[in-house]
Amino acid sequence: MIRFILSDLRRLWAGSLVVVLLVALATALGVSVVLQERALRLGSARAADKFDLVIGAGGSETQLVLSSVFLQPSPLPLMPGEVLGKLATDPRVDWAAPIGFGDSFSGYPIIGTTTMLAQNLSGELAEGKIFAREGEAVIGAAVKLPLGGEIKPMHGSLEEGGETHTQLVYHIAGRLRPTGTAWDRAILVPIQAVWHIHGMEAEEHAEDGEHEHEAASGTDSAEHGHAHEKAGADHDGHGHHGKVDPDAALDETWTVGAPGLPAILVKPKTIADAYKLRQDYRSGNTVAVFPGEVLTNLYATLGDAKQILVAVASGAQALVAASLVLVTVIHIGQRRRQIGALRAFGAPRGAIFGIVWVEFFFLVAVGIALGFALGYGAALILSGMFSQTSGVAMSVSFAREDAGLAAVLLGFATILAALPAVLAYRQSPAQALRA
């Protein structure tokens, strides 16, 4: 029987190929949706694991996480700089690192931050050293620039008609190890250089207490925040610029007079401290979030989108199944003489049923296997493209539930293959030979 089936498939190879490709494409659509959604969810979760707590000004928690953790460009409201000073001296905080956005170079975002974050983001550097002067920078593992190379910061991006800052040229001092996060595509520079280049001077230590009191006041902090927001939102090429000394040493002893900040990444000492800090900074003008909690809400949205895509894929598979049923009915009609000859030579009805069922099930099963391979390949390509643009590492892999999907498809193929087999089983030799 097997030899007869193989001979029949070779003779009807064109039709068999069409059946396999139809099943493969329909299966690949559903598999790629499932694998890509899983890769995106797990990749983003791993990226967020590196950041325990994010504090920003009141506003959208989702946008705060997308901008600070995934470095998606978006104007964020500024919180008073005094928040950084409070966090720096809080006994519950292991370290707190401010981050500033707005500039870029060759498509890579330039992030103003501190040596503390640069040291803790990936552990030891892959090469070079941490920046120690205002004119130095540390690049992520995916930034394709050499050590010692020059970085000319541009406000905004080239596509938006951004303005290149001429006051300072950063020189690359070191490169981070891969983190699997969007920060692999980031250029880290001293936050004080970002402040200076935008004309946002921090309130320095003053000898008279009156000046320090003014710097600590909400009005003065709001004025600094307004100045920073104005500089960050400058689209007409006439923003505020300050003087920068590339050889100036870094001063990371924060005071209450620091300029306004879009976000602060916080490493609490304990889990209990993390929850207490989140509670303390979720009132007034600030909001504190756990990135993982925000991602959970995003996953719910992704889950709804996934269900829609899976429904579309299921509809496509149903259409393919209907097409296959039509094709097989026509195919059985064309093979009536062959079936009649087999019955005339003494082939039992069960053998005819088995030949047709095995032949059709084999084609569908091959199509399902090919569809899983194509879906996996498509998910790999899509994940690679997304990782290239976002920096978030996304690994595509099958899980245990995918075996259940394969079993369902094979079960459906078993039933589908039985239809032409039943049609062939019910044909009498006399009717088949007269056709």
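Note that the structure is predicted; figures quoted are calculated from it, not measured.

### Describing the packing of aromatic side chains
Summed over the entire model, instances satisfying the criterion amount to 4 aromatic pairs. Here Phe51 and Trp183 contribute two aromatic rings whose centre-to-centre distance is 5.9 Å and whose plane-to-plane angle is 35°, an arrangement assigned as tilted. Taken together, the residues Phe51 in the loop between helix H2 (13–48) and strand S1 (53–57) and Trp183 in the loop between strand S9 (170–175) and strand S10 (187–190) connect sequence positions 132 residues apart. Phe51 sits in the buried class, given a relative accessible area of 6%.

### Some remarks on the side chain of Asp402
Along the chain, the position of Asp402 falls in helix H13 (residues 400–426). What makes Asp402 buried here is its relative accessible area of 6%. Side-chain polar atoms of Asp402 contact the backbone nitrogen of Ala399, separated by 2.7 Å. Beyond its immediate chain neighbours, meaning those up to four positions away, Asp402 contacts Val34, Leu35, Arg38, Phe372 and Ser397.

### Let's talk about the pattern of salt bridges
For the coordinates displayed, the defined rule picks out 12 salt bridges. With its nearest N and O atoms 2.8 Å apart, the salt bridge here joins Arg175 to Glu127. Taken together, the positions of Arg175 in strand S9 and Glu127 in strand S4 (residues 127–128) put the pair 48 residues apart, joining distant regions of the chain. Its relative accessible area of 14% is what places Arg175 among the buried residues. The exposure class assigned to Glu127 is partly exposed, which follows from its relative accessible area of 34%. Between Lys129 and Glu136 there is a salt bridge, and its shortest N-O distance comes to 3.1 Å. Among the residues examined, Lys129 registers a relative accessible area of 43% and is labelled partly exposed.

### Description of the nonpolar core
Formed by 55 residues in total, the largest nonpolar core has its most connected members in Leu117, Trp183 and Leu188. The dominant element in this core, judged by the number of residues it contributes, is H2, at 9 residues. Leu188 has contacts with Ile111, Thr113, Ala118, Leu121, Phe131, Ala137, Val138, Leu176 and Trp183, leaving out every residue within four places of it along the chain. With 21 residues, the next largest nonpolar core counts Ile55, Leu87, Ala96 and Ile264 among its residues.

### A closer look at a nonpolar patch on the surface
Residues Leu17, Leu21, Leu25, Leu370 and Leu374 make up a contiguous nonpolar surface patch of roughly 430 Å² in combined accessible area. When contributions to the nonpolar patch are tallied by element, the ones reaching two or more residues are H2 and helix H12 (349–390). The leading source of residues in the nonpolar patch is H2, at 3 residues. Structurally, Leu25 can be placed in helix H2.

### A word on helix H9 (residues 271–280)
Residues Asp273, Ala274, Leu277 and Arg278 constitute the buried set of H9. Angularly, the buried residues of H9 cover 135° about the axis, an arc narrow enough to put them on a single face.

### Thoughts on the pairing of S9
Put simply, side chains in a regular strand alternate between the two faces of the sheet. Of all 6 residues in S9, 5 are buried, a share of seventy percent or more. Sheet analysis places S4 next to S9, joined by 2 bridges and oriented antiparallel. The residue of S9 that forms the bridge with Gly128 is Gly174. In this structure, strand S5 (residues 136–139) lies alongside S9, joined through 4 bridges in parallel fashion. Across the sheet, Val138 pairs through a bridge with Gly174, a residue of S9. Relative to S9, strand S6 (residues 150–151) is paired through 2 bridges, and the arrangement is antiparallel.

### Considerations on the environment of Val244
By the element assignment, Val244 lies in the loop between helix H8 (218–232) and strand S11 (263–268). The exposure class of Val244 is buried, given its relative accessible area of 15%. Along the chain, Val244 and Glu134 lie 110 residues apart, while their C-alpha atoms are 7.8 Å from each other. When neighbours within four sequence positions are excluded, Val244 is seen to be in contact with Glu134, Gln167, Leu168, His196 and Ile197.

### Some thoughts on the confidence of the model for the protein
With 73% of its residues at a pLDDT of 70 or more, the protein has an overall mean of 77. A low-confidence stretch, residues 203–240 stays under pLDDT 50, and its non-local contacts, those more than four residues away or across chains, total 44 contacts.

### A short note on the environment of Thr296
Relative to the elements of secondary structure, Thr296 occurs in helix H10 (residues 291–334). Judged by relative accessible area, Thr296 falls into the partly exposed class, the value being 47%. There is a polar contact of 2.9 Å between the side chain of Thr296 and the backbone oxygen of Gly292.

### Overview of the side chain of Thr286
With respect to the element layout, Thr286 can be found in strand S12 (residues 286–289). Since its relative accessible area comes to 10%, Thr286 is described here as buried. Of note is the side chain of Thr286, whose polar atom sits 2.9 Å from the backbone oxygen of Tyr281. Ignoring sequence-local partners within four residues, the contact set of Thr286 consists of Ile55, Gly56, Ala57, Gly58, Met79, Val83 and Tyr281.

### Topic: the environment of Val396
Relative to the helices and strands, Val396 resides in the loop between H12 and H13. Look at Val396 and you get buried, because its relative accessible area is 9%. Each C-alpha atom of the pair Val396 and Arg38 lies 7.7 Å from the other, and the pair is 358 residues apart in sequence. Ignoring sequence-local partners within four residues, the contact set of Val396 consists of Leu35, Ala39, Tyr376, Ala379, Leu380 and Ser383.

Analysis parameters
- Residues numbered from 1 in each chain as written.
- Predicted model: local features only at pLDDT ≥ 70, side-chain atom pairs only at ≥ 80, totals over all residues.
- Heavy atoms only, no water.
- Phe/Tyr/Trp six-rings, centres within 6.5 Å; stacked < 30°, edge-to-face > 60°.
- Helix = DSSP H or I, 4+ residues; strand = E, 2+ residues; numbered from the N terminus.
- Buried < 20%, exposed > 50% of the residue type's maximum accessible area, 1.4 Å probe, protein only.
- Polar contact = N/O pair within 3.5 Å; in protein donor to acceptor, adjacent residues only side chain to side chain.
- Contact = heavy atoms within 4.5 Å.
- Salt bridge = Lys/Arg side-chain N within 4 Å of Asp/Glu carboxyl O.
- Core = buried A, V, L, I, M, F, W, Y, C linked by side-chain atoms within 4.5 Å.
- Patch = residues over 30% accessible without salt bridge, like charges linked within 9 Å, V, L, I, M, F, W, Y side chains within 5 Å.
- Areas by Shrake-Rupley, 256 points an atom, 1.4 Å probe, with all protein chains shown as cover.
- Arc of directions from axis to C-beta.
- Pairing = 2+ DSSP bridges.
- pLDDT = per-residue confidence, 0-100.

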